[in-house]
Amino acid sequence: MPTRTDPRSSSADTGGKHPQSTDKLPPARIGPRLRLLLKMALGLLAAGVALGVGELVAVVTGPTSAPLTAVGQGFVRITPEWLKEFATSTFYVYDKLALEVGMVLVLALFAAAVGVVAYRWLTVGMIGVGVFGLVGVVAAMTAPDASQLDIAPSAIGAAAGAIVLRMLVPRLVELAEPEFDVEQARTNVRMMLKMRDRRFDEDRRRFLYAAGASLGVAVVGGGLGGVLLNTRGDVSKDIATLKLPMPASKAPRLPDGVDLNIPGLASFTTPNPSFYRIDTALVTPRVDPATWELRIHGMVDRELKISFAELLKRPMIERDITLTCVSNEVGGNLIGEAKWLGAPLADLLKEAGVHPGADQVFTTSADGWTCGTPLEAVMTTPNAMLAVGMNGDPLPVAHGFPVRMIVPGLYGYVSGTKWIVDMELTTFAAGPQAYWIQREWAPAAPIKTMCRIDVPPANDELQLGQSVKVAGVAWAQNRGISMVEVRLGEQGEWQPARLAPVPNNQTWRQWVWDWTPGARGQQTLWARATDATGEVQTIQIADSFPGGATGLPSLQVLVR
Ligand SMILES: Nc1nc2c(c(=O)[nH]1)N[C@H]1C(S)=C(S)[C@@H](COP(=O)(O)O)O[C@H]1N2
Ligand SMILES: [Mo]
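Residues numbered from 1 in each chain as written. Chains lettered and ligands numbered in written order. Predicted model: local features only at pLDDT ≥ 70, side-chain atom pairs only at ≥ 80, totals over all residues. Heavy atoms only, no water.

Colleague: Could you clarify how one ought to interpret the site of ligand 1 in this entry?
Modeller: Inspection of the region around ligand 1 gives 18 residues, with Tyr276, His399, Arg404, Gly416 and Lys418 positioned closest. Here Ile278 contributes a backbone N or O atom positioned 3.1 Å from an oxygen atom of ligand 1. In this structure, an oxygen atom belonging to ligand 1 sits 2.5 Å away from a side-chain N or O atom of Lys418. Expressed as a share of its isolated accessible area of 530 Å², the protein-covered part of ligand 1 is 98%. Broken down by class, the residue content of the shell around ligand 1 amounts to seven nonpolar, six polar and five charged. (Near = heavy atom within 4 Å. Polar contact = N/O pair within 3.5 Å; in protein donor to acceptor, adjacent residues only side chain to side chain. Areas by Shrake-Rupley, 256 points an atom, 1.4 Å probe, with all protein chains shown as cover. Nonpolar A, V, L, I, M, F, W, Y, C, P; charged D, E, K, R; others polar.)

Colleague: Please clarify how the packing of aromatic side chains should be interpreted in this entry.
Modeller: Within a pair of aromatic rings, the relevant descriptors are the distance that separates the centres and the angle that separates the planes. Evaluation of the coordinates by the stated rule reveals eight aromatic pairs. With a centroid separation of 6.2 Å and an interplanar angle of 85°, the aromatic rings of Trp292 and Phe308 are classed as edge-to-face. Of this pair, Trp292 sits in the loop between α9 (236–241) and β1 (293–298) while Phe308 sits in helix α10 (residues 308–313), and the two are 16 residues apart along the sequence. With respect to burial, Trp292 and Phe308 carry one shared label: buried. Each member of the aromatic cluster is reached from another via a ring pair, and the members are Tyr413, Tyr435, Trp436, Trp441 and Phe545. The ring of Tyr435 is capped by Arg439, whose NZ or CZ atom sits 3.7 Å from the centre of that ring. Note that Arg487 overlies the ring of Trp526, its terminal NZ or CZ placed 5.1 Å from the centroid. (Phe/Tyr/Trp six-rings, centres within 6.5 Å; stacked < 30°, edge-to-face > 60°. Helix = DSSP H or I, 4+ residues; strand = E, 2+ residues; numbered from the N terminus. Buried < 20%, exposed > 50% of the residue type's maximum accessible area, 1.4 Å probe, protein only. Lys NZ or Arg CZ within 6 Å of the ring centre and 35° of its normal.)

Colleague: Quick question: what am I supposed to make of the environment of Val486 here?
Modeller: Examined against the element boundaries, Val486 turns out to sit in strand β14 (residues 481–488). A residue is classified by how much of its surface remains accessible, and Val486, at 0% relative accessible area, is buried. A C-alpha to C-alpha distance of 9.3 Å links Val486 and Val512, two positions 26 residues apart in sequence. Aside from chain neighbours lying at most four places away, what touches Val486 is Val470, Glu493, Trp494, Gln495, Ala497, Trp511, Trp513, Leu525, Trp526 and Ala527. (Contact = heavy atoms within 4.5 Å.)

Colleague: Explain the packing of helix α2 (residues 67–78) against helix α5 (residues 122–141) here, please?
Modeller: For any two helices packed against each other, the geometry comes down to the angle between their axes and how far apart the axes lie. The interhelical angle for the contact between α2 and α5, taken along N-to-C directions, is 60°, at an axis separation of 8 Å. In terms of orientation, α2 lies oblique with respect to α5. The two elements α2 and α5 cross, and the hand of that crossing is left-handed. The residues of α5 that touch α2, namely those facing Ala70, Val71 and Arg77, are Val135, Gly136, Ala139 and Ala140. Its residues assigned to classes, the contact of α2 with α5 shows five nonpolar, one polar and one charged. (Axes fitted to C-alpha atoms, helices over the stretch in contact; angles between N-to-C directions. Parallel < 35°, antiparallel > 145°, perpendicular 65-115°, else oblique. Left-handed = near helix turned anticlockwise from the far one by under 90°.)

Colleague: Can you walk me through the environment of Trp121 in this structure?
Modeller: Within the secondary structure layout, Trp121 lies in the loop between α4 (95–120) and α5. A residue is classified by how much of its surface remains accessible, and Trp121, at 52% relative accessible area, is exposed. A sequence separation of 48 residues divides Trp121 from Val169, and the C-alpha atoms of the two residues are 9.6 Å apart.

Colleague: Help me understand the packing of helix α1 (residues 32–61) against α4 in this model?
Modeller: It is the contact of α1 with α4, at a shortest axis distance of 7 Å, that shows an interaxial angle of 120°. It follows from the interaxial angle that α1 and α4 lie oblique. Every pair of crossing elements has a handedness; the one defined by α1 and α4 is right-handed. Where α1 approaches α4, its residues Arg35, Leu36, Lys39, Met40, Gly43, Leu44, Ala47 and Leu51 are matched on the opposing element by Leu107, Ala108, Ala111, Ala112, Gly115, Val116 and Tyr119. Each residue belonging to the contact of α1 with α4 can be placed in one class, and the counts come to 11 nonpolar, two polar and two charged.

Colleague: Explain helix α11 (residues 345–352) here, please?
Modeller: For an α-helix, the turn length of 3.6 residues means that residues three or four places apart are oriented alike. Along α11, the positions that sit buried rather than exposed are Leu345, Ala346, Leu348, Leu349 and Ala352. The arc that holds every buried residue of α11, seen down its axis, measures 160°, which confines them to one face. With its phi angle positive at about 75°, Gly353 sits one or two positions after the end of α11. (Arc of directions from axis to C-beta.)

Colleague: Would you mind going over the layout of surface pockets with me for this structure?
Modeller: Gaps left between atoms are located by rolling a probe of water-molecule size over the structure's atoms. Estimates place the volume of the second largest pocket at around 380 Å³. Around the second largest pocket, the lining comprises 17 residues; the ones closest to its centre are Gly62, Pro63, Thr64, Arg232 and Arg286. Both of domain 1 (32–231) and domain 2 (272–438) provide at least three residues apiece to the lining of the second largest pocket. (1 Å grid on protein atoms, 1.4 Å probe; cavity = no way out; pocket = protein on both sides within 12 Å on 5 of 7 lines; lining within 4 Å. Points joined across faces, edges and corners; volume = space filled by probe spheres on them. Domains from an automatic or database assignment.)

Written out as structure tokens, the structure reads:
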């Protein structure tokens, strides 16, 4: 509630636009603190209206053009590598959420400042809103998949925000600092006070109506826009009703014992909902399978255009393959194993007739993310495919529905294009550069031989003389794992772990080492893998940038 100052006291604030001269009757009807709050609230309200209206306009122009998403997405694109590393290591896979929260905080501060400035200088405040809109417009314009219409949500939203300021600031000024006839007040104080009370109620009503209407626009715009954006292009029905074709070549049955069934050890097959997810999309692209088309072009004899129905008619293979992200730290869990169903890629490229000079398969997703894969890997790696199924279900949206690329043995950023829509045969030397290569990650990125200790958990307390299972997973896709060894302490002797069977050399492999602690105190467990070419996992520590982390996993336990 606005506080009314006693008109006869002289202690009220004089910071308003209508400074008092000698008069003892302060015109201020709202205390300075409340007034500041109201100014900031006005700024926030204008921003809320801008966002709400922007969201509503984005229902027409597409979810990635909504102001906050466009700006966030722009931020993701220009984030320098060190900041991205910091963000992922600090917030881990929550980096997208952290970005959104950070953006909202910055926006709120800016909006509050705009409100304060606009109270004093309305035009400057409105320019502030314009600047905010411009950031959105530029972000939307520079998106890789931008259309001209994409600037509409930010532009129209900012205009609505400016209108709110234009409408509400004079109301607030009027409310806080009424024109006050000092001369009259001198002659008839009682009458003036009466008038003043009446006008205060009137001014307050006008202000509250205008503010309420704006709040309504913000809430309804944001809410309705959000709901419509969510339902527009919703593909969950398509996913639910899609009948995947039977594979022409089924995945070999998983050998008995592929899962060692040790509590705490990652299951051999990763269930879809817990499969790691990495991509640059703040809003997952929703691709309508009815209109989906993949264009294969560039250095080919015949340009191909394949619809989803045509793709499903091709002979399908089903294979167990473990995907890994280059950002996976030693011991990290940006890795998952699934049974993928898809059409072999090499066959498609043979049909297109790739020209001899080509060496890069440059693919683009529905949201404009790009990926460059060595043609050699696509043509010679068994089971490189355009996948439509994951563990018996259609691809979940987060994993690329309706179609993604999979090339076993390469980190995801050079092989795993989700929501794929375009494939250009080109060269690394003269052709376009993919998203992460522009950001200086390695153009060629085979997955490094690696292992992880899953149990016991770090800092576990163990009993002297009581046997425990030290277990984990190891991977060297395409080469296969031939040995995992464990040692105690840096000087300990490497001792072989028992390996679980695997269906092929493109999956990870579980391992277990039975250990009976023979001494009390802190112990450090180390592990290392050897791939089937005989190469031993290096102890040399390297960052995941630019081509994948190296080093040995280790953890400490306490034996009591
Ligand atoms: N469209 C698109 N596809 C993408 C990416 C992306 O950012 N956008 N990220 C890649 C990376 S870095 C990885 S590790 C894999 C992860 O696939 P997943 O999310 O299904 O586990 O997707 C790849 N495909
Ligand atoms: Mo990745």
